[in-house]
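A structural walkthrough
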Amino acid sequence: MKVSSKLINSANGIISATISKAVIDAKKKQMAEKIAKTTKVDGFRKGKVPVQVIVSRYGAQITQDSQNEIIREAYEIGIKEFGTAQVLGNPNFEKFEEKDDSLEFEMKVSLRPAMKITDYDKLIPDYTVEEPTEDEIKEAIEKAAKAIAVPTKLKKKRALKEGDIAIIDFEGFVDGKSLENAAAKNFSLEIGSNRLIDGFEAGMVGMKYDETKELNLKFPEGYHATDLAGKDVKFVITLHEIQERVPVELTDDFARQLIPNDETMTLLKLKDVVKETLKAEKKSKLFNEELKVKLLEALVNAFDFELPELIVEEEINAIINNRLRALPEEELKVYQNSKEKIEELKKEVEPEAKERVKTTLIIDELAKQEKITITDQEVS
């Protein structure tokens, strides 16, 4: 077995192998003997089946398994010659020739490229986080007070409005037939929560106690039950009771109820806690919606290195598959019947794929430099 490895650049390499017929035959014999020890054939004791019988029965399988085993061994020898370079993804055959006296093949492999990521902290864009206003702090505290309030039945009957909690019976009908999974008794629904399909809660506003109302609506196109997606539906709704959340009084007791692990909590201290929480939310929003994009763009533009070509190809295919899945059926057929259209699409998405791979490699390198690790528990 002759195996050699050659670097194309720091991110790509070729493993070449020439396997003689003698090595192939020896591997076949070895596999046949292994099968003979565990296979039972009528007329022979287990483990005593002649190798010739095994070869005659399982010849094609033995040939395939032997070839796979030889390729695996050659691959393992080849990647060792790349030294400490880390192999990424799966190899790809560039050449595979079965000759009378040998088997020759070449495998392209992708490697983690050599890269030097330094002074990246200088690329962090300038930013300012706005301080929460008094009105924002007040609104957040009032919202929290409403959230922990226990719903109570109205003392005086009135029409249903936004923010109320309705206790209802409802049943859905499609083509005149009742839907088993679109019906409920004594169902609690906060009006404005958007728990049900568009138009359901809005159509209930103004209903009175014990009133029954019909709503003619439509299931959304992307509805989770695909057999109902886009279909017209009639809901028959009966309102039994209206409840409302009466916000609790904003006192020190309320503050301790909201932050139970701090016995010294007061309403005044709660305002400081809420202020810091709102500021952290603003900072997180700013990072996710603006700073992260700018930082990644700066990193990609600041550092240059070779990219693993097979990984780029995988990313190209992933982008194309996602795009094709989103196409209407007629447009999808155009691509399915045209290699030229697919090649055009590949060229179109290649820059995006390269940028994605480059970004991932940079982030991974930064994580190593900063010794950032994520435990299984954090992932969960």
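Summarised in this report is the structure supplied together with it. Along each chain, residues carry numbers from 1 onward, in the same order as the chain's sequence is written. Per-residue local features of the predicted model are confined to residues with pLDDT of at least 70, and side-chain atom pairs are confined, for both listing and counting, to 80 or more; whole-chain, interface and lining totals are unaffected and use all residues. In computing side-chain values, all of the structure's heavy atoms are included and hydrogens and water are not.

Describing the nonpolar core
Heads up, the condition is: Take the buried residues of types Ala, Val, Leu, Ile, Met, Phe, Trp, Tyr and Cys, join any two whose side-chain atoms come within 4.5 Å, and each joined set is a nonpolar core. Think of it in three bands: residues with accessible area under 20% of the maximum for their type are buried, residues over 50% are exposed, and the middle band is partly exposed, with areas taken using a 1.4 Å probe on protein chains only. We count a stretch as a helix when DSSP gives it H or I for four or more residues in a row; a strand needs E for two or more, and each element gets its number in order from the N terminus. Residue contacts are defined here by distance: any two heavy atoms, one from each residue, within 4.5 Å place the two residues in contact.
Ile-168, Phe-200, Met-204, Phe-219, Val-233, Phe-235 and Ile-237 are the most contacted members of the largest nonpolar core, which totals 26 residues. Of all elements in the fold, only β6 (165–174), β7 (177–190), α4 (200–204), β8 (212–218) and β9 (232–245) reach the threshold of two or more residues within this core. Sort the elements by how many residues they give to this core and β9 lands first, with five residues. Dropping the residues within four chain positions of it, Val-233 is found in contact with Gly-172, Phe-173, Val-174, Leu-179, Ile-197, Leu-215, Asn-216, Leu-217, Lys-218 and Phe-219. With 22 residues, the next largest nonpolar core counts Leu-307, Ile-320, Ala-353 and Val-357 among its residues.

Quick word on a negative patch on the surface
Rules: Residues forming no salt bridge and having over 30% relative accessible area are the ones grouped into patches, like charges within 9 Å of each other and nonpolar side chains (Val, Leu, Ile, Met, Phe, Trp, Tyr) within 5 Å. Per-residue accessibility takes into account occlusion by the displayed protein chains alone, with areas from the Shrake-Rupley method and a 1.4 Å probe. When a carboxyl oxygen of Asp or Glu lies within 4 Å of a side-chain nitrogen of Lys or Arg, that pair is called a salt bridge. Charge convention: Lys and Arg are scored as positive, Asp and Glu as negative, and His as well as the terminal groups of each chain are ignored. Each charge is placed at NZ for Lys, CZ for Arg, CG for Asp and CD for Glu.
Taken together, the side chains of Glu-134, Asp-135, Glu-139 and Glu-142 define an acidic patch exposed on the protein surface. Tracing the sequence through the fold places Glu-142 in helix α3 (residues 134–147).

Concerning the environment of Ser-66
Within the secondary structure, Ser-66 is located in helix α2 (residues 51–80). Along the chain, Ser-66 and Phe-105 lie 39 residues apart, while their C-alpha atoms are 15 Å from each other. With near-sequence residues (within four places) excluded, Ser-66 lies in contact with Lys-27, Lys-28 and Met-31.

A word on the packing of aromatic side chains
The line we're drawing: Pairing of aromatic side chains here covers Phe, Tyr and the six-membered ring of Trp, requires ring centres within 6.5 Å, and sorts the geometry by plane angle: under 30 degrees stacked, over 60 edge-to-face, intermediate tilted. Both a distance and an angle decide whether a charge sits over a ring: NZ of Lys or CZ of Arg must be within 6 Å of the ring centre and within 35 degrees of the ring normal.
One pass over the full model with this rule turns up nine aromatic pairs. For the ring pair Phe-200 and Phe-235, a centre distance of 5.1 Å and an interplane angle of 75 degrees mean the geometry is edge-to-face. Highlighted residues: Phe-200 in helix α4 and Phe-235 in strand β9, separated in sequence by 35 residues. Pairwise contacts between aromatic rings join Phe-170, Phe-187, Phe-200, Phe-219, Tyr-223 and Phe-235 into one cluster. The ring of Phe-173 has Lys-234 lying over it, and the distance from NZ or CZ to the ring centre is 5.6 Å. Its end group placed over the ring of Phe-305, Lys-358 keeps NZ or CZ at 5.8 Å from the ring centre.

Overview of the sheet that holds strand β1 (residues 2–9)
Keep this limit in mind: Any two strands between which DSSP finds at least two bridges are classified as paired. Between N-to-C directions, angles cover 0 to 180 degrees, with each direction set by a line fitted to C-alpha atoms, over the stretch in contact for helices.
Within the open sheet, the four strands sit side by side as β1-β2-β4-β3. Their pairing is antiparallel. Bordering the open sheet on either side are β1 and β3 (87–98), each of which pairs with just one other strand. Taking the axes of each pair of neighbouring strands and ignoring which way they run, one obtains an average angle of 20 degrees across the sheet. The pairing of strand β2 (residues 12–20) with strand β4 (residues 102–111) spans nine bridges and is classified as antiparallel. Bridge pairing in β4 links Ile-15 to Met-107.

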